[in-house]
Amino acid sequence: QVQLVESGGGAVQDGGSLRLSCAASGRTFSSYPMGWFRQAPGKEREFVARIRWSGGSTYYADSVKGRFTISRDNAKNTVYLQMNSLKPEDTAVYYCAAAGRYSSSYSSTGGYDYWGQGTQVTVSS
């Protein structure tokens, strides 16, 4: 049973910071990326960032590049999303996701097989 558990969401003011965590269990995730997505009310779930367990290569959506940093702790099977300079438009439910197979696009929801329950991030102006 694969399980992804997010934590660290909350409410901050414009310009503030938050750090999200995603603890993974139930299988070995070393072969494929882990990702963060977000979904604002009335909008589709969108890609935020991804990272490979092996090598640690990262990729970001343009909207968060330079403000967000994705990282991982292999020993703890945990992925983090450090979010700085938060803006009201970053308000959304943030989801952790794990890929379990090859995909031609790990920047889309279809590239991932396992999802966490989501954690709310609210940025007020």
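### Thoughts on the overall build of the chain
- Each helix and strand counted, the chain has zero helices and 11 strands in total.
- Reading the secondary structure of the chain in the N-to-C direction produces β-β-β-β-β-β-β-β-β-β-β.
- The C-alpha atoms of the chain give a radius of gyration of 13 Å, which matches the 14 Å a tight globule of 125 residues would have.
- Along the longest, intermediate and shortest principal axes, the C-alpha atoms of the chain span 40 × 25 × 25 Å.
- In the chain, which comprises 125 residues, the share counted as buried stands at 42%.
- Counted over contacts in the chain with a minimum sequence separation of 6, partners at least 24 positions apart contribute 56%.

### Looking at the state of the cysteines
- Using the criterion set out here, one finds one disulfide in the structure.
- Across the disulfide from Cys 22 sits Cys 96; the S-S distance is 2.0 Å. In this structure, the disulfide formed by Cys 22 and Cys 96 twists by about -75 degrees around the S-S bond and is classed as left-handed. Of this pair, Cys 22 sits in strand E3 (residues 18-25) while Cys 96 is found in strand E9 (residues 92-98), placing the two residues 74 residues apart along the sequence.

### Details of the packing of aromatic side chains
- Scanning all chains against the criterion turns up six aromatic pairs.
- Look at Phe 37 and Phe 47: their rings are 5.7 Å apart centre to centre, the planes differ by 75 degrees, and that puts the pair in the edge-to-face class. With Phe 37 in strand E4 (residues 33-39) and Phe 47 in strand E5 (residues 46-52), this residue pair connects regions lying 10 residues apart in the sequence.
- According to the relative accessible area criterion, Phe 47 is buried, its value standing at 11%.
- Among the aromatic residues, those joined into a cluster by ring pairs are Phe 37, Phe 47, Tyr 59, Tyr 106, Tyr 112 and Trp 115.
- Of note, Arg 19 hangs over the ring of Tyr 80, and the distance from its end group to the ring centre comes to 4.0 Å.
- Lying across the ring of Tyr 95, Arg 45 places its NZ or CZ 3.6 Å from the centre.

### Points about the sheet that holds strand E1 (residues 3-7)
- The four strands are arranged E1-E3-E8-E7 in an open sheet whose pairing can be described as antiparallel. Since the sheet does not close on itself, it has two edges, and those belong to E1 and strand E7 (68-73), each with one partner. Looking at each pair of strands side by side, their axes are set apart by 15 degrees on average, direction ignored.
- Sheet topology note: the E1/E3 ladder contains five bridges and is antiparallel. Bridging across to E3, Gln 3 finds its partner in Ser 25.

### Observations concerning the pattern of salt bridges
- Enumeration according to the criterion identifies five salt bridges in this entry.
- A salt bridge links Arg 38 to Glu 46, with the nearest nitrogen and oxygen atoms 2.6 Å apart.
- Here Arg 38 falls in the buried class, since its relative accessible area comes to 6%.
- Across the pair Asp 62 and Lys 65 runs a salt bridge, and its minimum N-O distance is 3.0 Å.
- Under the relative-accessibility criterion, Lys 65 is labelled partly exposed at 48%.
- A cluster of three or more residues bridged by salt bridges with shared partners is formed by Arg 38, Glu 46, Arg 67 and Asp 90.

What counts, and at which threshold
Every chain is numbered on its own, with residues counted from 1 as its sequence reads. Local features are withheld for residues below a pLDDT of 70 in this predicted model, meaning they are given only at 70 or higher, and side-chain atom pairs are given and counted only at 80 or more; totals for whole chains, interfaces and linings count all residues. Calculation of side-chain values draws on the structure's entire complement of heavy atoms; hydrogens and water are dropped beforehand. Strands here mean DSSP runs of E at least two residues long; helices mean DSSP runs of H or I at least four residues long; both are numbered from the N terminus. In this description the radius of gyration comes from C-alpha coordinates, and the expected globular size is given by 2.2 Å times residues to the power 0.38. For the exposure calls, accessible area comes from a 1.4 Å probe over protein chains only, and a residue counts as buried if that area is under 20% of its type's maximum, exposed if over 50%, partly exposed in between. Contact criterion: two residues are considered in contact whenever any of their non-hydrogen atoms come within 4.5 Å of each other. Two cysteine sulfurs form a disulfide in these notes if their separation is within 2.5 Å. Pairing of aromatic side chains requires ring centres within 6.5 Å, counting the rings of Phe and Tyr and the six-membered ring of Trp. Pairs whose planes differ by under 30 degrees are stacked, by over 60 edge-to-face, and all others tilted. Whether a charge sits over a ring depends on NZ of Lys or CZ of Arg being within 6 Å of the ring centre and within 35 degrees of the ring normal. Strand pairing follows a simple DSSP-based rule, namely that at least 2 bridges must link the two strands. Helix axes use the C-alpha atoms of the stretch in contact, all axes being lines fitted to C-alpha atoms, and the angles between their N-to-C directions lie in the range 0 to 180 degrees. Salt bridge, as used here, is a side-chain nitrogen of Lys or Arg placed within 4 Å of a carboxyl oxygen of Asp or Glu.

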